[in-house]
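# Residue-level structure breakdown
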Amino acid sequence: MAETQAATRLREYETIFLVKPDLTDDNVDKLKERVRGIVSREGGKVIRFTVWGKKKTLFPVEKQPRAIYVHTHFLGGAKLVAEIERNLRNLDEVTRYISVKLADEVDPETRPVLEDVKLAGDVEEARPGAPAEREGGFRAEGAEEQSGGDSEEESTEEA
């Protein structure tokens with residue numbers, strides 16, 4: 001009886017991996033599905049994938065100052081983590097990864113599968129200082145453009 005109870009208990013892990021910043025959303029989804037397939041094949045359970053988006057790294061990784069961060073939260077054994085890391089190591093799109101054990105002997109029935117989340121990432125670096133530079137150098141032209149643009153928007157709203 002103790003053996004069957006121990007067999008149903010799994011460990012809780014999280015793996016964060018960095019993906020090259022020029023990858024499309026479809027390619028990131030393919031990587032997520034590959035990891036999801038490995039977890040299910042090895043008898044684990046994926047709880048949630050969270051794509052943190054494109055963020056600036058502390059130091060350049062493979063000559064890239066930014067990367068797409070992907071966080072996965074799953075249940076499984078030590079062999080599962082080794083298999084996931086082996087696959088991530090062999091993928092050219094993945095630049096770094098780290099896995100952390102969160103808890104021992106977790107009942108998989110108590111952990112519901114959550115919906116995948118996609119966050120925006122860094123938005124401040126999209127165009128840093130662009131509006132301030134435009135206002136400083138072209139104040140008169142910017143004011144005319146804004147007033148002309150507002151009147152067009154107002155006329156479309158009235159119609």
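Residues numbered from 1 in each chain as written. Predicted model: local features only at pLDDT ≥ 70, side-chain atom pairs only at ≥ 80, totals over all residues. Heavy atoms only, no water.

## Comments concerning the sheet that holds strand S3 (residues 64–76)
- Within the open sheet, the 5 strands sit side by side as S4-S1-S3-S2-S5. Their pairing is mixed. Unpaired on one side and paired on the other, strand S4 (94–106) and strand S5 (117–118) mark the two borders of the sheet.
- Examined bridge by bridge, strand S2 (residues 45–61) and S5 share 2 bridges and lie parallel to one another. Across the sheet, Thr50 pairs through a bridge with Val117, a residue of S5.
- Across the sheet, helix H2 (residues 25–41) lies against strand S1 (10–19), S2, S3, S4 and S5, angled at about 130 degrees from S2, the strand it touches most. (Pairing = 2+ DSSP bridges. Helix = DSSP H or I, 4+ residues; strand = E, 2+ residues; numbered from the N terminus. Contact = heavy atoms within 4.5 Å. Axes fitted to C-alpha atoms, helices over the stretch in contact; angles between N-to-C directions.)

## A look at the packing of aromatic side chains
- A full pass over the atoms with the stated rule returns 2 aromatic pairs.
- Ring centres of Tyr13 and Phe74 lie 5.8 Å apart, and the angle between their planes is 25 degrees; this geometry places the pair in the stacked category. One end of the pair, Tyr13, is in strand S1; the other, Phe74, is in strand S3, and 61 residues separate them in sequence. (Phe/Tyr/Trp six-rings, centres within 6.5 Å; stacked < 30°, edge-to-face > 60°.)

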